[in-house]
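Chain and residue survey
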Amino acid sequence: LSDPEILLKFKSSLTNVSSLENWENNSMPPCNGHRANWAGVLCYNGNIWGLQLESMGLSGTIDVNTLTGLSNLRTLSFMNNSFNGPIPELNKLNALKSIYLSKNNFSGDIPGNAFAGMIWLKKLHLSQNLFTGAIPASLATLPKLLVLKLDGNRFSGQIPDFKQNGLQKVDLSNNELEGSIPASLNRMNASMFSGNKGLCGVPLKTCDSSAAPNSNSKEPSIWIIVVLFIFGVFILLAILAVILINHRRGRQPTLSVEAPASNLGTKAGFKEEEHASPGFSQQLGNGKKAETVKLSFVRDDRERFDLPDLLKASAEILGSGSFGSSYKAALSGGPVMVVKRYKEMNNFGKEEFQEHMKRIGRLRHNNLLPLVAYYYRKEEKLLVTDFVKKGSLAVHLHGHQSLGQPVLDWPTRLKIVKGVAKGLAYLYKELPSLIAPHGHLKSSNVLLNESFEPLLTDYGLIPVINQESAQELMVAYKSPEYVQHGRITKKTDVWGLGVLILEILTGKFPANFLQKGKGSDQDDLAIWVKSVVGDQEMMSTDVEVFDKDMGATRNSTDGESMLQLLKIGLSCCEVDVEKRLDLKDAVERIEELKLKGGIDDDFYSLVAIEEDKK
Ligand SMILES: Nc1ncnc2c1ncn2[C@@H]1O[C@H](COP(=O)(O)OP(=O)(O)OP(=O)(O)O)[C@@H](O)[C@H]1O
């Protein structure tokens, strides 16, 4: 369906729609550039990014399924209308940044998972409705939530333990909540909790521990005893069952790994083929008779495990890059690790290799994925790191459709560039003897943590990669200076940073990495950007290279910062090394870039502003 068709279908499930009479198929399109022709529609670049249908007397059904067709929709407001019934299934619109449903007659319990997966949601207003039951638990883990207004409903039970540090306003006043206020909300104003008879703890009066859930405190305690008793009986039965099963099986160990694994503490290692689960271990061991295998840990602050533990774990291949393959392996009951098996590290003696791994293991920075351990055998090298759940920047920039995830917005992209720059500056400081301290900077080697902070990986490896393969495979050796003059310089990583910046701003994949081996004179992406933007001095915020998916940038600060970053990216991609920025200058210029002030980059609901004034 086209945008107008989607809006008309959406309108057909509403009642009392006289305010939407200019929503008509044969009239003007809903958006004309940034201007809206249809009432209550918010436009950016000809796309619908918001619906602000406030104070229109609307009722009927909010047809969320139809709205899923509007791929640029980021904000929804139905404030001050007459909608009733249960809350719509808003998490089908998981790219939304703000939702305003206050001042309607929505009612009933909200399912605990109603907001699960809404990782972009910053503002949620549900004030002054008739909602009952518990505050949905999924709200407590939304990573970007800043403002939550649930006041003036009939929410009951305890307040969930909000995990976010960034919460700015949480208004829970005038509900039927009870119990103690979680520590994460202690710094809120007391008025945010007023009108709830059962709440206690900072910033309200302290909880009286003896009489806390008081008056009818006897009843719950009896129930607790009954539940504990039943639970105890279950556990006893389970233990008996396990003993019986083991008895029946006799004394043979169920897994061949178990007996020798327990000796590991005293033995120096074990024979790989005795213990490994077939797939992963066969690939690692190559079917050859293995020597003893023991992981060397490069950090003291990490829980110890050994290669057998990883081999036992069911492994999943994450991907095969130019150097080999990466496997994800979950240790039983413990952390999830990634083991990268390098094909091209065979020319180094044990001591030389160990020395370098120790050096890498000493690095500590918020924007580096730490090396945890390594394994050295003459013909086999493995590096072990933590698994990063959100995956790589490459996946977020180029694979979001398949993941069903919203694309990265501008503030997130700027945060990633700033983090990458900081990580690089640290590598330059700590590894001054390496000509290219990273050497392999590209978007699949930038992983993203839970709050989209970038973590560089695969850094500092040039000294232990076989020279011939390095020249063929590593990003540093694809730089114009290497292709033309056969040398890399202190500014080679700056070129990698420039290509990454252009990739982040344009959303386009740098074609060079697709060609194995030597690339063209300079990166195709940089050539394309230069051909579109022309003379750097003459560039304006209207240049056509920016990824449209970065989202609304109507305000001038953001547009200006994007343009500045584009200029920095191009100056980092200068073919002439003399003219290219050095790392220090590039990092300084990146650090100066500003986001628009304030807490939000979407619209401020008119009714919400009025409410906030009260
Ligand atoms: N620690 C990790 N956590 C999560 N994903 C990871 C981790 N390390 C690597 N990956 C992802 O696994 C995939 C394979 O990574 P790998 O490092 O083997 O190859 P690559 O980065 O694509 O290429 P290259 O071998 O040239 O570095 C990539 O998509 C990468 O982003």
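Each remark here, short or long, concerns the structure printed above.
For every chain, the first residue of the written sequence is number 1, and numbering continues from 1 onward in sequence order. In view of the model being predicted, local features appear only for residues whose pLDDT reaches at least 70, and side-chain atom pairs are presented and counted only at 80 or more, with totals across whole chains, interfaces and linings using the full set of residues.

Notes on the overall build of the chain
Scanning the chain from terminus to terminus reveals 18 helices and 25 strands. Burial status across the chain gives 39% buried among its 614 residues. The secondary structure listing takes helices from DSSP runs of H or I that are at least 4 residues long and strands from runs of E that are at least 2 residues long, numbered from the N terminus. Any residue whose C-beta has 12 or fewer other C-beta atoms within 10 Å is treated as exposed, any with 20 or more as buried, and any in between as partly exposed, C-beta atoms being built from the backbone.

A closer look at the nonpolar core
Within soluble globular proteins, side chains that are nonpolar tend to cluster in buried spots. Put simply, a nonpolar core is buried Ala, Val, Leu, Ile, Met, Phe, Trp, Tyr and Cys residues tied into one set by C-beta atoms within 7 Å. In terms of nonpolar packing, the biggest core is built from 87 residues, with Leu497, Ile501 and Ala586 touching the most fellow members. Broken down by element, the residue count for this core peaks at eleven residues, all from helix H11 (residues 410–430). Contact between residues is assigned whenever the C-beta positions, reconstructed from backbone atoms, fall within 7 Å. Not counting chain neighbours up to four residues away, the residues in contact with Leu497 comprise Val420, Ala421, Leu424, Leu441, Cys572 and Ala586. Counting residues in each nonpolar core, the second largest holds 53 residues, with Leu42, Leu70, Leu126 and Phe131 among its members.

Brief notes about the pairing of strand S19 (residues 315–320)
Where a strand is regular, its side chains alternate between the two sheet faces. The pairing of S19 with strand S20 (residues 324–330) spans five bridges and is antiparallel. Bridging across to S20, Gly319 finds its partner in Ser326. Remark: three residues form the turn of the hairpin made by S19 and S20, two consecutive strands paired antiparallel. DSSP bridges decide pairing: two strands pair if at least two such bridges lie between them.

A word on the site of the ligand
Taken together, 21 residues surround the ligand, and among them Leu318, Gly319, Gly321, Ser326 and Ser392 come closest. Contributing elements (two or more residues each) for the shell around the ligand: S19, S20 and strand S21 (336–342). Looking at the shell around the ligand residue by residue, the classes come out as seven nonpolar, twelve polar and two charged. Think of it this way: take the backbone, place a C-beta atom on it, and check whether that atom is within 6 Å of the molecule or strand, in which case the residue is near it. Put simply, Ala, Val, Leu, Ile, Met, Phe, Trp, Tyr, Cys and Pro go in the nonpolar bin, Asp, Glu, Lys and Arg in the charged bin, and everything else, Gly too, in the polar bin.

A short note on the sheet that holds strand S16 (residues 176–180)
Strand order in the open sheet made by the six strands is S8-S10-S12-S14-S16-S17, with parallel pairing throughout. Of all the strands in the sheet, just strand S8 (84–85) and strand S17 (198–200) have a single pairing partner and so form its edges. Strand direction decides the pairing type here: strand S10 (residues 105–109) and strand S12 (residues 130–133), joined by three bridges, are parallel. Bridging across to S12, Asp109 finds its partner in Thr132.

Remarks on the pairing of S10
Pairing geometry for S8 and S10, over two bridges, is parallel. Bridging across to S10, Gly85 finds its partner in Phe106.

Looking at the packing of H11 against helix H17 (residues 583–592)
Lines are fitted to the C-alpha atoms to define the axes, a helix being fitted only along its stretch in contact, and any angle between axes, read from their N-to-C directions, falls within 0 to 180 degrees. Running from amino to carboxyl end, H11 crosses H17 at an angle of 150°, the nearest separation of the two axes being 10 Å. Taken together, H11 and H17 sit at an angle that is classed as roughly antiparallel. Along this stretch, H11 crosses H17, giving a crossing that reads as left-handed. Within the contact between the two elements, H11 uses Val417, Lys418, Ala421, Leu424, Ala425 and Tyr428 and H17 uses Leu583, Ala586, Val587, Ile590 and Glu591. An angle counts as roughly parallel when it lies under 35 degrees, as roughly antiparallel when it exceeds 145, as roughly perpendicular when it falls between 65 and 115, and as oblique in every other case. For any helix crossing, the convention is left-handed if the near helix is rotated counterclockwise from the far helix by under a right angle, and right-handed if that rotation is clockwise.

Re H17
Spacing of three or four residues puts side chains on the same side of an α-helix, whose turn is 3.6 residues. Turning to H17, its buried residues are Leu583, Ala586, Val587 and Ile590. Viewed along the axis of H17, the buried residues span an arc of 95°, placing them on a single side of the element. Opposite the buried face of H17, at more than 90 degrees from it, the exposed residues are Lys584 and Glu592. Throughout, the arc means the angular range of directions from the helix axis out to the C-beta atoms.

Re the packing of H11 against helix H14 (residues 492–506)
Each pair of packed helices can be summarised by the angle the axes make with each other and by the distance between the axes. The interhelical angle for the contact between H11 and H14, taken along N-to-C directions, is 170°, at an axis separation of 11 Å. Taken together, H11 and H14 sit at an angle that is classed as roughly antiparallel. Contact residues: Arg413, Ile416, Val417, Val420, Ala421 and Leu424 in H11; Asp493, Leu497, Leu500, Ile501 and Ile504 in H14. For the contact of H11 with H14, the residue count by class is nine nonpolar, no polar and two charged.

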